[in-house]
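Spelled out from the first residue to the last, the chains are:
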Amino acid sequence: MTAITDDLPARLIHQEHEGWDALVRGDGGTHFHHAMTDDAVLITPDSVVERGAVMAALQGATWDDYAMSEHRVVRLGDRAAVLAYRVRASRDGAPVDLRATTAYLYHEGRWRVGSHQQTPVD
């Protein structure tokens with residue numbers, strides 16, 4: 001049986017919401033400790049951040065709110081997919097508009113984040 005199913009877009013979008021919800025609550029580090037693969041990275045315009053540094057930076061840091069839109073899932077074989085979307089969020093009252101992609105890998109019975117990239121929208 002393949003891990004890629006017809007409900008894959010809904011499943012990955014739900015997981016991405018869980019991540020953003022954790023960031024709003026201030027427990028992003030804990031969430032991503034469980035959600036990321038052991039060698040996962042966060043890619044920003046300035047750097048590539050290793051998993052441990054991502055978790056440390058996100059724990060306790062909060063976002064005020066977020067809204068995701070323009071979702072697109074690209075299937076990469078039976079056990080990998082990329083979720084691309086737009087997110088408008090605010091932190092300390094300052095709005096941020098980003099394009100984001102998350103590469104998901106099906107590993108040990110669940111979808112896990114292999115990489116996440118954020119690019120500011122001009």
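Nothing here was measured: the structure is a model prediction, and the numbers come from that model.

Draft legend 1. Quick look at the layout of surface pockets. Put simply, the largest pocket is a space of about 620 Å³. Surrounding the largest pocket, 34 residues form its lining, Leu23, Leu42, Leu58, His116 and Gln118 being those nearest its centre. Where the lining of the largest pocket is concerned, the elements lending two or more residues are helix H1 (8-25), helix H2 (28-35), strand S1 (36-43), helix H3 (51-58), strand S4 (80-91), strand S5 (94-107) and strand S6 (110-120). Taken together, the residues of the lining of the largest pocket sort by class into 21 nonpolar, 9 polar and 4 charged.

Draft legend 2. Structural context of the packing of aromatic side chains. Applying the stated criterion across every chain yields a total of 3 aromatic pairs. Taken together, a centroid distance of 5.6 Å and an interplanar angle of 70° make the contact between tryptophan 20 and tryptophan 63 edge-to-face. On the criterion of sequence distance, the pair formed by tryptophan 20 in helix H1 and tryptophan 63 in the loop between H3 and strand S3 (65-75) is long-range, its members being 43 residues apart. An identical accessibility class is assigned to tryptophan 20 and tryptophan 63; each is buried. Ring centres of tryptophan 20 and tyrosine 66 lie 5.5 Å apart, and the angle between their planes is 25°; this geometry places the pair in the stacked category. Taken together, the residues tryptophan 20 in helix H1 and tyrosine 66 in strand S3 connect sequence positions 46 residues apart. The exposure classification of tryptophan 20 matches that of tyrosine 66, with both residues buried. Members of the aromatic cluster, connected to one another through ring pairs, are Trp20, Trp63 and Tyr66. Its guanidinium or amino end placed over the ring of tryptophan 63, arginine 91 lies 4.2 Å from that ring's centre, counting from NZ or CZ.

Each value, and the rule that gives it
Think of each chain on its own: its residues are numbered from 1, step by step along the sequence as written. Totals for whole chains, interfaces and linings use every residue, but because this is a predicted model, local features are given only for residues with pLDDT of at least 70 and side-chain atom pairs only at 80 or more, for both listing and counting. Hydrogen atoms and water are omitted, and side-chain values are computed over all heavy atoms in the structure. Cavity means a closed set of points on a 1 Å grid over the protein atoms alone, one where a 1.4 Å probe fits but cannot get out, pocket means an open set with protein on both sides within 12 Å along at least 5 of 7 lines, and lining means a residue has an atom within 4 Å of a point. Grid points are joined across faces, edges and corners, and a volume is the space filled by probe spheres set on the points. Under the DSSP-based scheme used, a helix requires at least four consecutive residues in state H or I and a strand at least two consecutive residues in state E, with every element numbered from the N terminus. Residues are sorted three ways: Asp, Glu, Lys and Arg are charged, Ala, Val, Leu, Ile, Met, Phe, Trp, Tyr, Cys and Pro are nonpolar, and all the rest, Gly among them, are polar. Here a pair means two rings of Phe, Tyr or Trp (six-membered ring of Trp) with centres within 6.5 Å. Their orientation is stacked below 30 degrees between planes, edge-to-face above 60, and tilted elsewhere. Only protein chains enter the accessibility calculation, which uses a 1.4 Å probe; a residue is then buried when its area is under 20% of its type maximum, exposed when over 50%, and partly exposed in between. Only when the NZ of Lys or the CZ of Arg is both within 6 Å of the ring centre and within 35 degrees of the ring normal is a charge said to sit over the ring.

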